[in-house]
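Chain and residue survey
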Amino acid sequence: MAVDILHTRNFFLRCMCGIYMFAFGSLYLQVPGLYGEKGVLPAHTQLPNLKDPRQCFQDKVTVLCYASYVGLNVSYMMELVALLGTILSFIGMVWKSWCTATLFVLLWGGYLSLYQVGQTFLWFQWDILLLEIGFLTILVAPVSRRAWSEYRPRNLVTMWLIRWALFRLMFASGVVKLQSNCPTWWGLTALPIHYESQCIPTPLAQLMYFLPQWWHQLCVVATFVIEIAIPFLFFSPVRSHRLFSCYSQLLLQVMIILTGNYNFFNLLTMTMCLSLMDDVHLGYQHVKDLSFGFISYVKSMCCWLVKWVVYAALTYYTIIYFSLRLTPHGTIDSKLAVSRPEFNIWMSRAVPLSIAIGAFSLIITVAEALTSALFEVRGCLNKFGVFTTTLIYSVAAIAMFGISLVPYTSIDPPTNQRVWAGFRNLHDHTSFLHLTSAYGLFRRMTGVDGRLEVVIKGANSLNGPWLEYEFPYKPGDVDRAPPFVAPHQPRLDWQMWFAALGTYHHNPWLISLAYRLLTGQPEVLALLDPSSPWRDSPPKYIQATSYTYRYADGIAREGSETGIWWQRTQERDYHPIYSADHAPLLDYLRKLGIIGTMDIPATNQPFQQALTALRSYVNVLDPAVFLWCLLMTGFVIMWTKRSTKSTVSYPPSRHRGRRS
């Protein structure tokens, strides 16, 4: 095998540990307020059969069913699982030898357990993406430290699954923008709306918002090319195509990180891009060309010719389909030159073609891996072990590829109907494990007329004054700059953004939040900004109002004339005024099970008190700072280990001529 991916795989595994650390750590800090017995959505309401753990586990596959065995209630068991997940993923990130399949089974099982009771606060595409990639990582990771677990052939097959998942994610995210018939995507005008209306923008989002319109349209063109056309190069036999497609995806993700706070999602996507790299590109191996003379020359010329033909075709069709034209003013004019019927016809061909390309690529990869196991492994016993292992993983890869076709082809119903019934049955029987899912980010652009925000207010009198609750990250106070908060995801802030897009009838959790604020629950108040009023004593009344927010003209700077980042206009009352003894409110919450139900009692009081004490120490730090401190601590430990190894001196060997 000329080019290996062993070190690339190891780097991928350590990056996945870092992603898990961010996911578990961020959720750990929010469990009491979101899922505690007096939280916004108590977790124990999702497990009605807690008194019978076996039946509970059959209903929902989660280790939380066995909370009573540890002597904890459900919310504290959630804290324990999230804490252990953070610790284990930190260890795997720092010490490579821990990155085995066993570790990733624990991490995947832990996150699945939390997802099962997470309700609306965990129903995001990046959560299900982490579950899918987390399961595939179990296949990528070595089973143990035994000799043949580190042999290379099966790495080709398992890392290919990550590449296929990356293709499905990016391609589906691109085509759904056009399938939704959203006028802003078809008109190439979506980006300035996105910068203003996304959930938690960064300060750079406002800077991007005020760039010229022609630049925004050109960026939308680049987005479509990167998400729809370039992913087909993931499976190109030309190595430079794969690297080009890799860095195109990385560029897109970096731009999203700079302008929006999307927690660990962009980092996870960038980690998936490692499946397009190899050890040569990362500097771990030199290229070994086994051909000689004329054959080598012909091979190089063919690769060079194919490479530039593809680049030329990509450039040509981009210019044609987006009507790119250089204007006399030095700008680039663009317009989508494809009609909706033409796009639908293209989709009916592109989806089956992508499946055919993926299947052919998988067959070639499996053949290459099995051939390598047969001819590059020395020793009959090792050869048998490596070949058998590679064959088993190849069968698993084919099964995972088949299962993924069911959700993937949802973007083209006629193709979906032609998926083999065996793959469909396998998908149906494993769907509860979330091994694979359908994706499609930013399907429709919201906020065309400005971003909607729900502002919660409290008062001790119906006549006011009404004081606003401030959330730590989402837009509220017009004088406050948008923050950088990734890789932390403030899930309550995120859900407030979704709530603004609908009514309180579609967001029952918001009614629960209002009740918890009326009763002054400290764990819920901890999810809000410390500057919010009513922290010492709750208000008697609460109401919510909908506002439209727009970026203020110019960029807010210290000492500027305006000094504001947002301008807002009041729209309507979002939900009526409530009080803590409001009978319809209490009846509604009882029907939902949010109040009137009890969690299982905690019998292990010392353990519970220890978890409470630990959380009180951690909560001193801002969540984003806490996560970055974990990452920097890991880097320091890894740097210290490397420095220690490089300074260790060994005594001269007596057998200098012998191989060790």
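For the structure itself, consult the block above.
Residues numbered from 1 in each chain as written. Predicted model: local features only at pLDDT ≥ 70, side-chain atom pairs only at ≥ 80, totals over all residues. Heavy atoms only, no water.

This next bit is on the packing of helix H20 (residues 491-500) against helix H21 (residues 508-518). Where H20 meets H21, the axes come as close as 10 Å, and the angle between the chain directions of the two elements is 125 degrees. The angle between H20 and H21 places the two elements in the oblique class. Considering how the two elements wind past one another, H20 and H21 form a crossing that is left-handed. On the side of H20, the interface is formed by Leu492, Gln495, Met496 and Ala499, while H21 contributes Trp509, Leu510 and Leu513. Taken together, the residues that form the contact of H20 with H21 break down as 6 nonpolar, 1 polar and no charged. (Axes fitted to C-alpha atoms, helices over the stretch in contact; angles between N-to-C directions. Helix = DSSP H or I, 4+ residues; strand = E, 2+ residues; numbered from the N terminus. Parallel < 35°, antiparallel > 145°, perpendicular 65-115°, else oblique. Left-handed = near helix turned anticlockwise from the far one by under 90°. Contact = heavy atoms within 4.5 Å. Nonpolar A, V, L, I, M, F, W, Y, C, P; charged D, E, K, R; others polar.)

The subject of this paragraph is the sheet that holds strand S6 (residues 566-579). Taking strand neighbours across the sheet as the criterion, the 4 strands line up as S4-S3-S5-S6 in an open arrangement whose pairing is antiparallel. Across the chains shown, the open sheet's two edge strands, defined by having one partner strand only, are strand S4 (467-468) and S6. Of the strand pairs in this sheet, strand S5 (residues 541-551) and S6 are connected by 10 bridges, and their pairing is antiparallel. Its bridge partner being in S6, Tyr549 is matched across the sheet by Arg568. (Pairing = 2+ DSSP bridges.)

Our focus in this paragraph is the state of the cysteines. Per the counting criterion, the structure on display carries 1 disulfide. With a sulfur-sulfur separation of 2.2 Å, Cys56 is cross-linked through a disulfide to Cys65. Taking the torsion about the S-S bond as the criterion, the Cys56 to Cys65 disulfide, at about -70 degrees, is left-handed. Note on Cys56: relative accessible area 2%, which makes it buried. Since its relative accessible area comes to 1%, Cys65 is described here as buried. (Disulfide = S-S within 2.5 Å. Buried < 20%, exposed > 50% of the residue type's maximum accessible area, 1.4 Å probe, protein only.)

Within the secondary structure, Ser248 sits in helix H13 (residues 239-259). In this structure, Ser248 is in contact with Ile226 and Ile230, ignoring residues within four places of it in sequence.

Glancing now at the pairing of strand S3 (residues 451-459). Counting buried positions along S3 gives 8 out of 9 residues, so the element sits mostly inside the fold. Across 9 bridges, S3 lies against S5 in antiparallel orientation. Looking across to S5, one finds that Ile456 is bridged to Ala544. Taken together, the 2 bridges between S3 and S4 define a ladder with antiparallel strand orientation. What sits directly across from Lys457, in S4, is Glu468.

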